[in-house]
Amino acid sequence: MRQVAGGPDRGSYEGEGERSASPRGGGKEGTVSNLKDYAEKAKGLAAEMTTDEKANLVSGAGMWETRGCDRLGLKKIDMSDGPHGIRKQLDYADIAADESVKTVCFPSGSCISGSWDTEALRQMGEAIGRNARIHDISLLLGPGTNIKRSPLCGRNFEYFSEDPHLAGVLVAAYIRGVQSVGVSACVKHFAGNNQETRRLTVNALIDERALREIYLPPFETAIREGNVDTVMSAYNTLNGTSCSQNKRLLTEILREEWGFDGMVVSDWGAVTDDTEAVLAGTDLKMPGFGGDPARIEKAVNDGTLSAEALDEAAARVIALLLKANEVKEHDADWGTGAEDFERNHALSRRLAGESMVLLKNDGALPLKQGGKLLIVGAYAREPHFQGGGSSHVNAYRVDDALGIFEENGWETVFVPEFSDIGAMLEAMKTCDTALVFAGTPESEESEGFDRETLDLPEAQNTAIFALCEAGAPTVVILFEGSAAGMPWVDEANAVLAAFLPGEAGGGAVYDLVTGAANPCGKLAETFARKRADTPAHLFFPGEGDASFYGESLFVGYRYYEKKEIEPLFPFGHGLSYTVFAYESAKAGKRSYFDNERAEISVDIKNVGWRAGKEIVQLYVRPDPQTAAKGRIRPVKELKAFEKIDLAPGEIRTVRFLLERRAFAFYDTEARDWRVNTGNYSILIGASSVDIRAETEIEVISTQTERKVFTRDSLLGDFCADAGGKALIDGLLETVGAGMRDKTGDKPGDDEAHMKMVMSMPLKTFILLGVPAEEVDGILAQVNAR
């Protein structure tokens, strides 16, 4: 299997991502057409509508419904939250209602991302999509794919990663799963929604390179590879303009650059000005409460809003309705039946087990059968398995690890309270191993507010230290939506990061610690030693309504490497009960043009005693002297990965195809992606710091970089351009001689003089007596090439 990475197809496996024509039969299996297949018919219907009908269509009809148009046979559709399970409210008319249908709660984004497994994400998306069909949900409001800029973001549990490549690949796989069964997905929150503090009013101040290289790519991948039907604009303001009213974001980038042909829906209550939202590219304002179609109609009549802009927005909503109406019309099973709870619960357990990350293990795991266990912490019986807010679902059945251990014949002593240290230590005297179920309090991880600390509750840390000092093996299982502090990590014998694993997380923990399953998850985010080490520490969450992204490109591991800060656990880290050897790395050839795919291969061997899965990670490091060429760039960046399953002694060759974007940076002057000719190291390993094999290739740019020079251009930049220095060599010698005359220095000091000269603009020649016409003539020669 070969992974294609780094371009419009990056992260997809060959054969995936292809879209078939609409099955016209509901699409129970396979891939269903996206909204572009309905675009022409939608435009025709929009042309038949009155202005009033179109104005009604671009605003919702309540909390979870669109409007329709009975005259033209367009039926309204229902939508629901649901990144990790359907949250269909039982009372659609009550905005405050929080009772929802019972459904299986799958692993949260923070957990499932640890799988690094596109097939796992596809299966989860498909299962949730099937549940949506049962409940007559045509639009699923998920997944969320905002970058984990800071571990303190209260909604990190919903998101996938700090890395844009990993986040994009996973979100596209999830979308393909949902949409394969005829349900439309909605990727959110576009863009820069990386904190909950003042989220409705905060202005995310993000420089262009960081926006293009870090924060936008997951959404671009969702569109180019996931072919997502809808995009939800974010609450926040981005660089001074509200995201739901941001034409550059919603029209110029999303539609004109990326070719998005679906529908944009606002986040709930985000729109301030209905007319400005439509002009910018928002098609559907949600919810319907507070919407006033009459304002839209009036804006068209008085010329404030063009009829063409309203037609385009209405047509995109119509396309969504046409698709949904057609799927339902041709599928007799739509909206009927019941969820296969047991099947989905089993799937949730397997996916959680594939995603949890074994951070540390000195041999305490897997547990030896027959040992007596001290189980500490209420999460062993009532686990913290999902976050709060709009993604919170009414779980079908919640597994508790304590009960599963007891059902399987393990002798246990249970101490629920961390404060009861005396009872804990006394019980430890008769037990072989302590399993500590710790984690962040449920009240600290929710939509609507950010965490205030990385620290676990003090009582938990105190209890863990006490157990470690008692001498018996201590295994800590952590339930958290993002990275957490671990002051006791050096003393603990093993640490398993369960994140927020969904309702079957207790069963998955049991499978992993007993050895019934082999851990294979890897961190999708860096764990810092302390809050002050985190990239956005100086800037998060901002001052008032301004949140300055001062760390720019250096998010997550990009920051730790550039600053040479050792994290607690690095990005991509995760242990197994077996051992993998990376035996060789090869490139197909030494040099590639940037319009070719670079072929890279590596041999991986399972040299351990049991079968296991390894996540092979490929990073690209530009040579500072050639490929970087003065550009500020991370030390290296993830550009491809693959998860493989190997039997003991089995060896497999993993092949990657790297496209142009794997080597590119965003050139803000050219407003385009650029590859510098130079050498690039291909680093392959088990984490961002555990590099096991490498090779080097040269990438040759096919672009012609054309700069326009002026009198204000620096001499250093002018001389770096091909042919520029030759045109002014004489003038440079004149300047150098003149400076020696003034300072009395010798010719041997020219190197120091020239460093100073190179920092001067070309207009300096004019100040030194060179005729302005001569300087302008030189500029004309260079700019004419």
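Residues numbered from 1 in each chain as written. Predicted model: local features only at pLDDT ≥ 70, side-chain atom pairs only at ≥ 80, totals over all residues. Heavy atoms only, no water.

Student: Whenever I open this one, the overall build of the protein confuses me. Can you help?
Tutor: Broken down by element type, the protein carries 23 helices and 29 strands. Taking 2.2 N^0.38 as the reference for a compact globule, 785 residues should give roughly 28 Å; the C-alpha atoms of the protein span a radius of gyration of 29 Å, in line with that estimate. When the backbone C-alpha atoms are referred to their principal axes, the protein occupies close to 90 × 75 × 50 Å. When each of the 785 residues of the protein is scored for burial, the buried share is 61%. Counting only carbon and sulfur atoms, one obtains 49% of the accessible surface of the protein, whose full area is about 29100 Å². Put simply, the protein has 86 plus and 121 minus side-chain charges, and the middle of one group is 4 Å from the middle of the other. (Helix = DSSP H or I, 4+ residues; strand = E, 2+ residues; numbered from the N terminus. Rg over C-alpha atoms; globule rule 2.2 N^0.38 Å. Buried < 20%, exposed > 50% of the residue type's maximum accessible area, 1.4 Å probe, protein only. Areas by Shrake-Rupley, 256 points an atom, 1.4 Å probe, with all protein chains shown as cover. Lys, Arg positive; Asp, Glu negative; His and termini not counted. Charge placed at Lys NZ, Arg CZ, Asp CG, Glu CD.)

Student: Explain the environment of Leu435 to me, please; I cannot follow it from the model alone.
Tutor: The topology assignment puts Leu435 in strand S16 (residues 433–439). Leu435 sits 59 residues away from Ala494 along the chain, and the two C-alpha atoms are 9.5 Å apart. Excluding anything up to four places from it in sequence, Leu435 contacts Leu367, Leu373, Leu374, Ile375, Val376, Phe405, Val475 and Ile477. (Contact = heavy atoms within 4.5 Å.)

Student: What should I look at first to understand the pattern of salt bridges in this one?
Tutor: Think of it this way: side chains of opposite charge can pair up when their charged atoms draw near. Going through the model one piece at a time under the given rule, you end up with 56 salt bridges. The closest approach of N and O atoms between Arg199 and Glu447, which form a salt bridge, is 2.8 Å. Here the residue Arg199 occupies a position in the loop between strand S6 (184–190) and strand S7 (203–205), and Glu447 occupies one in the loop between S16 and helix H15 (458–470), the gap between them amounting to 248 residues. As a salt-bridge pair, Asp399 and Arg397 come within 3.8 Å of each other at their nearest N and O atoms. Judged by relative accessible area, Asp399 falls into the buried class, the value being 8%. Of the residues examined, Arg397 reaches a relative accessible area of 32% and is grouped as partly exposed. (Salt bridge = Lys/Arg side-chain N within 4 Å of Asp/Glu carboxyl O.)

Student: Sorry if this is basic, but what is going on with the nonpolar core here?
Tutor: Within soluble globular proteins, side chains that are nonpolar generally end up buried alongside one another. Core analysis: the largest hydrophobic core is formed by 72 residues, its most contacted members being Phe190 and Tyr215. Per element, the largest residue contribution to this core is 9 residues, and it comes from helix H5 (residues 164–179). Apart from residues no more than four positions distant in its own chain, Tyr215 is found in contact with Ile147, Arg149, Asn194, Ile206, Ala210, Tyr549, Glu551 and Val555. Ala46, Met263, Ala299 and Ile318 belong to the second-largest nonpolar core, a separate cluster that totals 43 residues. (Core = buried A, V, L, I, M, F, W, Y, C linked by side-chain atoms within 4.5 Å.)

Student: Would you mind going over helix H7 (residues 217–224) with me for this structure?
Tutor: An α-helix turns once per 3.6 residues; consequently, residues spaced three or four apart project the same way. Here H7 lies mainly inside the structure; 7 of its 8 residues are buried. Every buried residue of H7 is listed here: Pro217, Pro218, Phe219, Glu220, Thr221, Ala222 and Ile223. As for H7, its buried residues are in contact with H5, S6, helix H6 (208–215), strand S8 (230–233) and helix H8 (247–257).

Student: Just to check I follow, could you spell out the layout of surface pockets for this structure?
Tutor: In this approach a probe as big as a water molecule rolls over the atoms, and the regions it shows empty are the leftover space. Put simply, the largest pocket is a space of about 670 Å³. Lining the largest pocket are 23 residues, and of these Glu705, Arg706, Lys707, Ala720 and Asp721 lie nearest its centre. When residues of the lining of the largest pocket are traced back to their parent elements, those giving at least two are helix H19 (715–720) and helix H23 (772–783). Counted by class, the lining of the largest pocket contains 7 nonpolar, 6 polar and 10 charged residues. (1 Å grid on protein atoms, 1.4 Å probe; cavity = no way out; pocket = protein on both sides within 12 Å on 5 of 7 lines; lining within 4 Å. Points joined across faces, edges and corners; volume = space filled by probe spheres on them. Nonpolar A, V, L, I, M, F, W, Y, C, P; charged D, E, K, R; others polar.)

Student: Teacher, can you tell me more about empty space enclosed by the protein here?
Tutor: With the rule as written, the count across this model stands at 5 cavities of 30 Å³ or more. Counted as a void, the second largest cavity has a volume near 100 Å³. Lining the second largest cavity are 13 residues, and of these Lys148, Pro151, Glu162, Thr526 and Tyr560 sit closest to its centre.

Student: Where do I start with the packing of H6 against H7 in this structure?
Tutor: Any two packed helices are characterised by how steeply their axes cross, that is the angle between the axes, and by the distance between the axes. At a minimum axis separation of 6 Å, H6 and H7 run at an interaxial angle of 45 degrees. In terms of their interaxial angle, H6 and H7 are classed as oblique. Counted together, Leu211, Arg212, Glu213, Ile214 and Tyr215 of H6 and Pro217, Pro218 and Phe219 of H7 form the full contact between these two elements. Class assignment for the residues of the contact of H6 with H7 results in 6 nonpolar, no polar and 2 charged. (Axes fitted to C-alpha atoms, helices over the stretch in contact; angles between N-to-C directions. Parallel < 35°, antiparallel > 145°, perpendicular 65-115°, else oblique.)

Student: Hey, could you run me through the side chain of Gln179 in this one?
Tutor: Along the chain, Gln179 turns up in helix H5. Looking at Gln179, its side chain comes within polar contact range of the main-chain nitrogen of Asp229, at 2.9 Å. (Polar contact = N/O pair within 3.5 Å; in protein donor to acceptor, adjacent residues only side chain to side chain.)

Student: Can you walk me through the sheet that holds strand S5 (residues 139–141) in this structure?
Tutor: One open sheet accounts for 5 strands, arranged S3-S5-S6-S8-S11; its pairing is parallel. Looking at the sheet topology across the chains shown, the edges are occupied by strand S3 (79–81) and strand S11 (263–266). The mean inter-strand angle of the sheet, taken between neighbouring strand axes irrespective of direction, is 25 degrees. When S3 meets S5, the two strands line up parallel, connected through 3 bridges. Among the inter-strand pairings, Asp81 is bridged to a residue of S5, identified as Leu141. Contacting S6 and S8, H7 crosses the sheet at an angle of about 165 degrees to S6. (Pairing = 2+ DSSP bridges.)

Student: Is there a simple way to think about the sheet that holds strand S10 (residues 241–242) in this case?
Tutor: In a beta sheet, neighbouring strands are held together by backbone hydrogen bonds and run either parallel or antiparallel to one another. Sheet architecture is open: 4 strands sit in the order S10-S9-S7-S19, paired in mixed fashion. Across the chains shown, the open sheet's two edge strands, defined by having one partner strand only, are S10 and strand S19 (546–548). Where S7 lies against S19, 3 bridges are found, and the strand directions are parallel. Within S19, the position partnered with Leu205 by the bridge is Phe548.

Student: Quick question: what am I supposed to make of the environment of Asp623 here?
Tutor: Relative to the elements of secondary structure, Asp623 occurs in the loop between strand S23 (612–622) and helix H18 (624–628). By relative accessible area, which is 23% here, Asp623 ends up partly exposed. The sequence separation of Asp623 and Ala647 amounts to 24 residues, and the corresponding C-alpha distance is 37 Å. In this structure Asp623 touches Ala628 and Asn679, once residues within four positions along its chain are discounted. Looking at Asp623, its side chain comes within polar contact range of the main-chain nitrogen of Thr626, at 3.0 Å.

Student: Mind showing me how you'd approach the packing of H6 against H8 here?
Tutor: Orientation of H6 relative to H8, taken along the N-to-C sense of each, is 55 degrees, at an axis distance of 15 Å. Considering the angle they form, H6 stands oblique to H8. Once H6 is placed against H8, the crossing between them reads as right-handed. Packed against H6, whose contacting residues are Glu208, Leu211 and Arg212, the element H8 presents Arg248, Ile253 and Glu257 at the interface. Along the lines of polarity and charge, the residues of the contact of H6 with H8 split into 2 nonpolar, no polar and 4 charged. (Left-handed = near helix turned anticlockwise from the far one by under 90°.)

Student: Is there a simple way to explain the pairing of strand S18 (residues 494–497) in this structure?
Tutor: The side chains of a regular strand alternate between the sheet's two faces. Residues of S18 alternate between two faces, with Ala494 and Leu496 on one and Val495 and Ala497 on the opposite face, all of them buried. Bridge count between strand S12 (residues 357–361) and S18: 4 bridges; the pairing is antiparallel. Within S18, the residue paired with Val357 across the bridge is Ala497. Note: strand S17 (residues 474–479) against S18, 4 bridges, orientation parallel.

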